[in-house]
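Survey of secondary and tertiary structure
Residues per chain are reported as follows:
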Amino acid sequence: MDGRSFQDGHPLTSADVKSTFDFILNPANKSPKRGGFRMIDKIDAIDPLTVGFHLKEPYASFLWNLIPSAAASSL
């Protein structure tokens with residue numbers, strides 16, 4: 001995320017990534033992508049550039065689920 005920014009120029013931080021996944025995982029938001037991330041137990045914004053994903057159990061395909069094309073196909 002170092003050097004990455006939103007369209008308006010604000011820097012992308014780990015807190016932004018955490019917020020996005022918190023939104024997806026919140027059942028009230030009814031995100032169609034939620035099922036693809038059901039293995040996530042908790043997400044931490046460790047520092048401005050580091051996100052920690054804590055899984056409920058080992059899940060070898062987790063990184064695959066983070067690829068945009070894979071996330072889009074889980075609709």
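Everything in this summary refers to the structure shown in the same document. (Residues numbered from 1 in each chain as written. Predicted model: local features only at pLDDT ≥ 70, side-chain atom pairs only at ≥ 80, totals over all residues. Heavy atoms only, no water.)

**Some details on the packing of aromatic side chains**
Evaluated as defined, the whole model comprises 3 aromatic pairs. When the centroid spacing of 5.1 Å and the interplanar angle of 85° are considered together, the rings of Phe-21 and Phe-37 count as edge-to-face. A residue pair is termed long-range when its members are at least 10 positions apart, and Phe-21 in helix H1 (residues 14-25) and Phe-37 in the loop between H1 and strand E1 (40-47) qualify at 16 residues. Comparing Phe-21 with Phe-37 shows no difference in burial state: the two are buried. (Phe/Tyr/Trp six-rings, centres within 6.5 Å; stacked < 30°, edge-to-face > 60°. Helix = DSSP H or I, 4+ residues; strand = E, 2+ residues; numbered from the N terminus. Buried < 20%, exposed > 50% of the residue type's maximum accessible area, 1.4 Å probe, protein only.)

**Regarding the nonpolar core**
Ranked by size, the top nonpolar core spans 8 residues in total: Val-17, Phe-21, Ile-24, Phe-37, Met-39, Ile-40, Ile-43 and Phe-62. Of all the elements in the fold, those that place two or more residues in this core are H1 and E1. Broken down by element, this core gets its largest block of residues, 3 residues, from H1. (Core = buried A, V, L, I, M, F, W, Y, C linked by side-chain atoms within 4.5 Å.)

**Some thoughts on the pattern of salt bridges**
Evaluation of the coordinates by the stated rule reveals 2 salt bridges. Notably, a salt bridge pairs Asp-22 with Lys-18, separated by 2.7 Å at the nearest N-O pair. Pair noted here: Asp-22 and Lys-18 are both in helix H1, with a separation of 4 residues, about one helical turn. Exposure remark for Lys-18: the relative accessible area of 24% places this residue in the partly exposed category. For Asp-44, the salt bridge identified is with Lys-42, shortest N-O distance 4.0 Å. A relative accessible area of 25% places Asp-44 in the partly exposed class. (Salt bridge = Lys/Arg side-chain N within 4 Å of Asp/Glu carboxyl O.)

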